[in-house]
Amino acid sequence: MTADFDTDANTTPRDARPMSGSQASMTEIVMPNDANPHGSVSGGRVLHLIDICAAVAALRHARRPVVTASFDDVAFLAPVPIGHVLLLDGQVTGVGRTSIEVRVAVRGENPVTGDLRHTTTAYVTFVALDDAGRPATVPGLVASTPDEEATLERARQRRSARLDRIHRD
Ligand SMILES: CC(C)(COP(=O)(O)OP(=O)(O)OC[C@H]1O[C@@H](n2cnc3c(N)ncnc32)[C@H](O)[C@@H]1OP(=O)(O)O)[C@@H](O)C(=O)NCCC(=O)NCCS
């Protein structure tokens, strides 16, 4: 199924790419200069890594330059101490005419025990740019499974709430 947020885009033929084609993963060890005074990774460092991981997923979908337009609310559910490993998994979850929503899930791994703990889920929106730096049309997104179709539907709902928030502020 090809799905776009934009109704015009749904009636205009354009390339569409599978949701699975844009996955991006990163692995980082938490070093002392990544840490807050409590000895665990700082929120700012995690946001930076999320931005990079999400950008790679968006670039893989758009195959053109993208800029970060917004971060939805981000919660840090558990500390990740120095010496532990951060695992980030990014996935395009929805597209509009020129925008791309990416979900990034972050986990902390204790490298000695192998224990994994989910710490954050972030939704980041990118806008693709043309050669003149203006918003550019992006490929549609193909959901191949019922889970992916549900993911697309949730992305539509988040987009609607996000745009309401932006226009209200
Ligand atoms: C993102 C940016 C290119 C959007 O430009 P714009 O002139 O507002 O573009 P438009 O109003 O034509 O909207 C283009 C798309 O961006 C989306 N958009 C704009 N602002 C948004 C925001 N804050 N959050 C999510 N999506 C946003 C629109 O919904 C639209 O999506 P659609 O085409 O899929 O429907 C522009 O605001 C920008 O350059 N921002 C700075 C980006 C940057 O420097 N990021 C690095 C971190 S500061």
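Residues numbered from 1 in each chain as written. Predicted model: local features only at pLDDT ≥ 70, side-chain atom pairs only at ≥ 80, totals over all residues.

A. The arrangement of the overall build of the protein chain in detail. Scanning the protein chain from terminus to terminus reveals 3 helices and 8 strands. Its helices and strands taken in sequence order, the protein chain reads β-α-β-β-α-β-β-β-β-β-α from the N to the C terminus. The C-alpha atoms of the protein chain give a radius of gyration of 17 Å, which matches the 15 Å a tight globule of 169 residues would have. Overall, the protein chain is about 50 × 35 × 30 Å in size when its C-alpha atoms are taken along their principal axes. Taking all 169 residues of the protein chain together, the buried fraction comes to 33%. A fraction of 76% describes how many contacts in the protein chain between residues 6 or more apart in sequence connect residues 24 or more apart. (Helix = DSSP H or I, 4+ residues; strand = E, 2+ residues; numbered from the N terminus. Rg over C-alpha atoms; globule rule 2.2 N^0.38 Å. Buried ≥ 20, exposed ≤ 12 C-beta atoms within 10 Å, placed from the backbone. Contact = placed C-beta atoms within 7 Å.)

B. The arrangement of the site of the ligand in detail. The immediate surroundings of the ligand are formed by 15 residues, with Ser 70, Gly 96, Arg 97, Thr 98 and Ser 99 found nearest. At the level of elements, strand E4 (66-71), strand E7 (116-128) and helix H3 (146-168) are the ones that each hand at least two residues to the shell around the ligand. If you tally residues by element for the shell around the ligand, the top one is E4, at 4 residues. The residue makeup of the shell around the ligand, split by class, is 6 nonpolar, 6 polar and 3 charged. (Near = placed C-beta within 6 Å. Nonpolar A, V, L, I, M, F, W, Y, C, P; charged D, E, K, R; others polar.)

C. Looking closely at the pairing of E7. Here E4 runs beside E7; their pairing, made up of 5 bridges, is antiparallel. Its bridge partner lying in E7, Ser 70 is registered against Thr 125. Where strand E6 (residues 99-109) lies against E7, 11 bridges are found, and the strand directions are antiparallel. Counterpart to Glu 109 in the pairing with E7 is Leu 116. Hairpin connection of E6 to E7: 6 residues between the antiparallel strands, including Gly 114 at a positive phi of 85°. (Pairing = 2+ DSSP bridges.)

D. Molecular detail of the confidence of the model for the protein chain. The pLDDT averaged across the protein chain works out to 92; a share of 92% of its residues lies at or above 70. Segment residues 1-13: pLDDT under 50, and 25 contacts once partners within four positions in sequence are set aside and those in other chains are kept. (pLDDT = per-residue confidence, 0-100.)

E. Local environment of the pairing of E6. Counting buried positions along E6 yields 8 of 11 residues, so the element is predominantly enclosed. Of the pairings in the sheet, the one linking strand E5 (residues 85-95) to E6 comprises 10 bridges and is antiparallel in character. Each residue of the ladder has a partner; that of Val 95, found in E6, is Ile 100. Hairpin connection from E5 to E6: 3 residues lie between these consecutive antiparallel strands.

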